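Coordinates in review
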Amino acid sequence: MNEVAGVLLDLFLIFVFAKVAAEAFERARLPTVIGELLAGMIIGPHALGLIGVPTEPMIDFFGGEHLAEEGLDFVYEVVAELGLIVLLFYVGLETQFEALLRVLRRASVVGVLGVALPMLFGVAFIAALGHSSEEALFVGAAMVATSVGITARVMRDIGALGSREARIILGAAVIDDILALLVLVVVSDLAEAGSVDVTQTALVAVQAVAFVSFAALVGARLMTRYSLHLERLRMASAPLVVAMVLMLGLSALAAEIGLAGIIGAFLAGIVLAESREQLRLERDVFAIYEFLVPFFFVLTGARVDMGALGDPDVLGLAAGITGLAIVGKIIGCGLAGAGLGWRSMTILGVGMTPRGEIGFVVASIGLSLGAISDDIFSAVVMMSIATTLLAPPVLHLLFRQQAAEDADAAEASAPSPA
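Residues numbered from 1 in each chain as written. Predicted model: local features only at pLDDT ≥ 70, side-chain atom pairs only at ≥ 80, totals over all residues. Heavy atoms only, no water.

Right, let's talk about the overall build of the protein chain for a bit. A count of helical and extended segments in the protein chain gives 17 helices and zero strands. Compactness check: the protein chain gives a C-alpha radius of gyration of 22 Å against a globular reference of 22 Å for 418 residues, within 12% of the reference. Taking all 418 residues of the protein chain together, the buried fraction comes to 52%. Here the analysis covers contacts within the protein chain between residues at least 6 apart in sequence; of these, 79% occur between residues at least 24 apart. For the protein chain, the computed accessible surface area is about 18600 Å², with 65% contributed by carbon and sulfur atoms. (Helix = DSSP H or I, 4+ residues; strand = E, 2+ residues; numbered from the N terminus. Rg over C-alpha atoms; globule rule 2.2 N^0.38 Å. Buried < 20%, exposed > 50% of the residue type's maximum accessible area, 1.4 Å probe, protein only. Contact = heavy atoms within 4.5 Å. Areas by Shrake-Rupley, 256 points an atom, 1.4 Å probe, with all protein chains shown as cover.)

Shown next as structure tokens:
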């Protein structure tokens, strides 16, 4: 077996276990995303070790076990990111731009309050425990951003992407990501230099807003007016080829600016949702979606190290951070939904709760800068995992209950037969 064969075997196992888990959870009428996350936890390096463990050829190739583990993690990260990008691109394809504009004001308030309250709670909690201001700021920053991929998958699986709450959450996620980027820039500056580079921060803000505005507003408008006229191209599957180019291009550009690549993919989907080829693209992309998306969720589950729960101090710290991370989003985003009804307010809060890979990234940056301790790092990682695992079943239940109530109301209002 060579080093490539080991990676291919891992990918094979990930895909097979993902599909088996999805089938089992679908039959049990449970969120399939939970099945995929649990599959990753079971086969990951911290449990059965079926994936994530470098083979001897990999170790020889990289020149050491630690380097081989880093190389394998990098491969996993790229594959998982591709899955997440395709997921948000597909969600964008199913999202009408005008529908997002109708909830823009509400989404903006959800995004702002969903950042402000968790940040405040995180900083105050860590500072009250006597930790340094740098640690408090990084914990607050890790509690800010939402991993919308988790919520988007649940909403897509149960056919709720067209709901008002889903549109608000998706719009808020874009605003949330911009604000989270600015928070991370400011916190990193304070950790490294002790001061904030106002000019650089302002430049990042302008770039992020300009990118989102141009891609969403200008791109969607141009697409509505002119479409792509892809029938003129001679290549096979021309619409799909152009769609993949736009998806990867905007993802790369978003990442270059500092935003999450998934924001670019989501915007690319929104732009192409206005094209005359939308239905064909949705059908063609679905096969890619079914192949790549499960890798993200299985690999996210594979990161879970249940052994870390053995330290009571870290566990207590993680429980406090996790509780505040959940409460902060539910209160902040829920308040922003005032007037929509308690269930809609709860959906907004729970939908914005998952931190997922975003929390991992912020914690890793803080650790690399020496701004947080190993205990704080472990607690933040546990918070990211816990919010990722807890949100889908609750969200699934809330949407199901809402759908049942809407159906009962429609039946009650229907005219009785003569």
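The grouping of Glu 56, Asp 60, Glu 65, Glu 69, Glu 70, Asp 73, Glu 77 and Glu 81 at the surface amounts to a negative patch. Among the secondary structure elements, those contributing two or more residues to the negative patch are α3 (56-62) and α4 (65-93). Looking at the negative patch element by element, the count peaks at six residues for α4. Following the sequence through the fold, Glu 69 ends up in helix α4. For Glu 69, a relative accessible area of 32% puts it in the partly exposed group. (Patch = residues over 30% accessible without salt bridge, like charges linked within 9 Å, V, L, I, M, F, W, Y side chains within 5 Å. Salt bridge = Lys/Arg side-chain N within 4 Å of Asp/Glu carboxyl O. Lys, Arg positive; Asp, Glu negative; His and termini not counted. Charge placed at Lys NZ, Arg CZ, Asp CG, Glu CD.)

Right, let's talk about the packing of aromatic side chains for a bit. Any two aromatic rings considered together are summarised by their centre-to-centre distance and by the angle between their planes. One pass over the structure, following the stated rule, counts eight aromatic pairs. Between Phe 15 and Phe 291 the ring centres are 5.5 Å apart and the planes differ by 55 degrees, which places this aromatic pair in the tilted class. Placement of the pair is Phe 15 in helix α1 (residues 3-27) and Phe 291 in helix α13 (residues 278-302), with a sequence separation of 276 residues. On the basis of relative accessibility, which here comes to 43%, the residue Phe 291 falls in the partly exposed class. Measuring from centroid to centroid gives 4.9 Å for Phe 296 and Phe 297, while their planes differ by 75 degrees, and the two rings are edge-to-face. Take Phe 296: its relative accessible area is 4%, and that puts it in the buried class. On the basis of relative accessible area, Phe 297 is assigned to the buried category, the value being 0%. By way of ring pairs, the aromatic residues Phe 15, Phe 291 and Phe 295 are connected into one cluster. (Phe/Tyr/Trp six-rings, centres within 6.5 Å; stacked < 30°, edge-to-face > 60°.)

Contact geometry of α4 with helix α11 (residues 238-257) gives a least axis separation of 11 Å together with a crossing angle of 115 degrees. When the interaxial angle is binned, α4 and α11 end up roughly perpendicular. You can see that α4 and α11 cross each other, and the crossing is right-handed. Note on element contacts: α11 touches α4 through Ala 243, Met 244, Met 247, Leu 248 and Ser 251, opposite Leu 82, Ile 85, Val 86 and Phe 89. When the residues that make up the contact of α4 with α11 are grouped by side-chain class, the tally is eight nonpolar, one polar and no charged. (Axes fitted to C-alpha atoms, helices over the stretch in contact; angles between N-to-C directions. Parallel < 35°, antiparallel > 145°, perpendicular 65-115°, else oblique. Left-handed = near helix turned anticlockwise from the far one by under 90°. Nonpolar A, V, L, I, M, F, W, Y, C, P; charged D, E, K, R; others polar.)

Secondary-structure assignment places Met 345 in helix α15 (residues 342-351). When its relative accessible area of 23% is taken as the criterion, Met 345 is described as partly exposed. Put simply, Met 345 and Gly 264 are 81 residues apart on the chain and 27 Å apart in space, counted from C-alpha to C-alpha.

This part covers the pattern of salt bridges. Opposite charge on two side chains allows them to pair when their charged atoms are near. Per the counting criterion, the structure on display carries seven salt bridges. The shortest N-O distance in the salt bridge between Lys 19 and Glu 290 comes to 3.4 Å. In this pair, Lys 19 sits in helix α1 while Glu 290 sits in helix α13, placing the two residues 271 residues apart along the sequence. Lys 19 sits in the partly exposed class, given a relative accessible area of 28%. A salt bridge links Asp 284 to Arg 283; its shortest N-O distance comes to 4.0 Å. Residue Arg 283 is classed as exposed on the basis of its relative accessible area, which comes to 56%.

Take the side chain of Thr 322 next. Here Thr 322 is to be found in helix α14 (residues 312-336). Overall, the relative accessible area of 10% leaves Thr 322 in the buried class. Apart from the residues lying within four places of it in its own chain, the contact partners of Thr 322 are Met 382, Met 383, Ala 386 and Thr 387.

The next thing to look at is α14. Taking 1.5 Å of rise per residue, 25 residues should cover 36 Å, and α14 covers 36 Å from first to last C-alpha, within 8% of that figure. Every buried residue of α14 is accounted for by Val 314, Leu 317, Ala 318, Ile 321, Thr 322, Ala 325, Gly 328, Lys 329, Gly 332, Cys 333, Gly 334 and Ala 336. (Expected span 1.5 Å × (residues − 1).)

Relative to the assigned elements, Glu 192 resides in helix α9 (residues 164-193). Considering only alpha carbons, one finds Glu 192 and Ala 371, 179 residues apart in sequence, at a separation of 8.5 Å.

Our next topic: the packing of α4 against helix α8 (residues 148-157). Look at α4 against α8: their axes get within 10 Å of each other, and the N-to-C directions meet at 50 degrees. On the basis of the axis angle, α4 is oblique to α8. Seen along the crossing, α4 lies across α8 with a hand that is left-handed. Contacts between α4 and α8 involve Leu 84, Leu 87, Leu 88, Tyr 90 and Val 91 from the first element and Val 148, Gly 149, Ala 152, Arg 153 and Arg 156 from the second.

Summarising the element assignment, Ala 145 is placed in the loop between α7 (133-142) and α8. When its relative accessible area of 2% is taken as the criterion, Ala 145 is described as buried. Residues Ala 145 and Pro 354, 209 residues apart in the sequence, show an inter-C-alpha distance of 8.6 Å. If we skip the residues at most four places from it in the chain, Ala 145 touches Asp 176, Ala 180, Lys 329, Pro 354, Arg 355 and Ile 358.

Moving on: a nonpolar patch on the surface. On the surface, Leu 9, Phe 12, Val 16, Phe 17, Val 20, Leu 38, Ile 42, Leu 48 and Leu 50 cluster together into a nonpolar patch covering about 770 Å² of accessible area. Elements with a contribution of two residues or more to the nonpolar patch: α1 and α2 (32-43). When residues in the nonpolar patch are grouped by element, the largest group, five residues, is from α1. Topologically, Ile 42 is positioned in helix α2. Taking the relative accessible area as the measure of exposure, Ile 42 reaches 47% and is therefore partly exposed.

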